[in-house]
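In case you want the letters, here they are:
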Amino acid sequence: MTAAHLPVLQVVAPLLAAPLCVMLRAPLAAWLLTCAVAVIAIVIAAILLFTVTAGDGAVLIYALGGWAAPWGIEYRVDIVGAFVLVIITGINLVAVLCGRASVMREIPAERVFLFYTGWLLCLTGMLGIAVSGDVFNVFVFLEIASLASCLLVSLGRDRRCLSAAFRYLLMGSVGATFILIVVGLLYQMTGTLNMADLAARLPPLAQSRTLQVAFAFLTVGVGLKAAVFPLHFWLPGAYAFAPSMAAVFLAGTSTKASVYILLRFFFSVMGAELSFDAMRLHWFLLPLALAGIFAASVAAIYQSDVKRLLAFSSVAQVGYMILGVATGSGAGLAAALVHLFNHALMKSALFFVVACMVLRVGGARLADLAGVGKRMPLTAAALVVSGLSLVGFPFTAGFISKWALLAAALDSHGWWLALLVLASSLLAVVYMWRVVEAVYCAPKTASAESQTVTEAPLPLLIGAWLLAAANVVFGLSTELSLGIAERAAVLLIGDAP
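Residues numbered from 1 in each chain as written. Predicted model: local features only at pLDDT ≥ 70, side-chain atom pairs only at ≥ 80, totals over all residues. Heavy atoms only, no water.

(A) Region of the structure containing a nonpolar patch on the surface. Nonpolar side chains collect at one region of the surface, where Leu410, Trp415, Trp416, Leu419 and Leu422 lie side by side and expose about 550 Å² of accessible area between them. Top contributing element to the nonpolar patch by residue count: helix H19 (residues 415–440), with four residues. In this structure tryptophan 415 comes out as exposed when scored by relative accessible area, which is 61%. (Patch = residues over 30% accessible without salt bridge, like charges linked within 9 Å, V, L, I, M, F, W, Y side chains within 5 Å. Areas by Shrake-Rupley, 256 points an atom, 1.4 Å probe, with all protein chains shown as cover. Salt bridge = Lys/Arg side-chain N within 4 Å of Asp/Glu carboxyl O. Helix = DSSP H or I, 4+ residues; strand = E, 2+ residues; numbered from the N terminus. Buried < 20%, exposed > 50% of the residue type's maximum accessible area, 1.4 Å probe, protein only.)

Dropping the structure here:
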C-alpha cells in the first residue's frame, strides 16, 4: 500500500464501519469497532502529515475511480488538510478509547450502538471535509457530519437534548442551504467544482455581482456551521445537553472543521487577493470577531451550568480564530491555525473533566460541583491545568496561541487590537475562576453532603490527563503546532493568484 491511497482510506474506514456498527448492535462490539477505526484513522493521519511535511509544498492527490479532475472527484491532502486530520483523529482517539464509562452512564443501553454509528458518520464527514478537493463534496461531507452530530446530541437522557438537537438541525439546514447556493453559483460562473480549477478561474471575475453574492452566502453559511458570532445560537444548547463524550468530541472537532472550510475557501479557492483586496473581507470579519470574543466571554461569566459556560467560551475562542484570519496576514493566519489546534486540546480536556465530574455527581451545574475538588483531586487538577491553558497562562498551549495572535495584531493593526486581545483574556480568567472556585472553595450543599463521591474511573481520568498534559507539552514544544501552522499559512497565502 502506498501513501497515495491513504486519503480515500481515511474516509472509507469509518464510513464502512458505521453500518457494521448497526449490524453488531451489542454495545461492547460497537465500542470495540469504533476503537479500531479510531486507531486506523490516527495512524493514517500521522502518515499523511509526515508525508506532506517531508517536502515543501507536497500534495497527495487521489482520483476516485481513476477519473482525473475536473471530470472526476479528487481528494487532495496538503499540509493544511493533514494538520486538521491530525487534530480530528487525535481528539477522536482519546474520546473513544477513554470515554466508554461516560457513554454507558449517559446513553440508554439499547441506543449505544446508534451513538457509535452516529459517531463514526460524524467522523467520516469531518475527515472528508479535510481531504476533499471538490466544493460540492465539501458540502456533502459537511452535511454528513452535521446530521450525525444532531443524532449524537439527541441521544442523551435529558429530554432537553431533543430541542437542542432540533435547533442544531434547523440552524444547520439554513447554513447548508446557503452553502449549496454558493456551490451552484460557482458552477454557473466557472463550469467546474474542483478547487484547483476554481482558484484559477475566479480571479478574473472579481467584479462579478454573482461572485460577490456567492461570497456573502458562503460567509453566512459556513459562519452558521462554525458558530461565528452572531450565528452561534445553536451551539450552547447543543454542547450543554449533549452526552458528555459527544460534547468532548464535538467541542474539539466540529467548529474546527467549519473554520477549516472558511480558510480553504477564502485563501485556496478565492485567493487572499480576491478575499481581502477585492471583497474587503477584513472589514466584515474583524468587528464580528471582536464582538463575538467579548459578548460570548461576558455571557460565559453569567452561566450556572459548566457545559453552557464552556460552550459560550467556544464561541469566544472561534472569535480568536476569525480575528487571526481577519488580519489578512501570514502571521494572523498562522495564529488562527495554531489556535485551531490548541483550542481543540484545551476545550476537549475541559469537557473531559466535566464528563468525569458528571459521572460522579450527576450534574454539571456549579452548585453540583461545589467542593468536589477535595473528593476528586486528580480530576480537579486536570481542570486547573486545562483552565490555565484556556486563559493563556505561560508554558501552556493557550499561551502560544495568544502570543501568536498578539504578534499578528501588533503587526497588522497596532497596539489597540493587541490591548483588546489582552482584555478579553481577563474575561476568560473570570469565568474559569468561577468554575475553579466552585470546585475547590464553595461549600457543599446538603444533598452533596449525603453523596459518596470518589475519583473518576481510571480510563476517564487517563483521557482527561492525556489532553491536559498535551496542553503543557505543546506549550513547551511548538514544532508540531506552531511550526506546522506557520508552514500551512505560507501555503494558503501562496495560493493567492
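(B) Looking closely at helix H13 (residues 281–301). For H13, spanning 21 residues, the distance from its first C-alpha to its last is 30 Å, which sits close to the expected 30 Å at 1.5 Å a residue. Residues Leu281, Leu285, Leu286, Ala289, Leu290, Gly292, Ile293, Ala296, Ser297, Ala300 and Ile301 constitute the buried set of H13. Down the axis of H13, the sector holding all buried residues measures 155 degrees, keeping them to one side. (Expected span 1.5 Å × (residues − 1). Arc of directions from axis to C-beta.)

(C) Examining a positive patch on the surface more closely. Taken together, Arg105, Arg111, Arg157 and Arg360 make up a surface patch of like positive charges. Looking at the secondary structure, you find arginine 105 in helix H4 (residues 100–106). Judged by its relative accessible area of 43%, arginine 105 is partly exposed. (Lys, Arg positive; Asp, Glu negative; His and termini not counted. Charge placed at Lys NZ, Arg CZ, Asp CG, Glu CD.)

(D) Examining helix H11 (residues 244–269) more closely. Compared with an ideal rise of 1.5 Å per residue, which puts 26 residues at 38 Å, H11 spans 36 Å between its outermost C-alpha atoms and is within 8% of the ideal. The sharpest bend along H11 comes to roughly 40 degrees, located at leucine 250. Of all 26 residues in H11, 26 are buried; the element is thus mostly enclosed. The positive-phi residue at the C-terminal boundary of H11 is glycine 271, with phi of around 90 degrees. (Bend = angle between axes of the 7 residues up to and from the residue.)

(E) Representation of the pattern of salt bridges. Under the counting rule described, the total for this entry stands at three salt bridges. Notably, a salt bridge pairs arginine 264 with aspartate 78, separated by 2.8 Å at the nearest N-O pair. Of the two residues, arginine 264 sits in helix H11 while aspartate 78 sits in the loop between strand E2 (74–77) and helix H3 (79–98), which places them 186 residues apart along the sequence. On the basis of relative accessible area, arginine 264 is assigned to the buried category, the value being 8%. What makes aspartate 78 buried here is its relative accessible area of 9%. We note a salt bridge from glutamate 143 to lysine 225, for which the minimum N-O separation is 2.8 Å.

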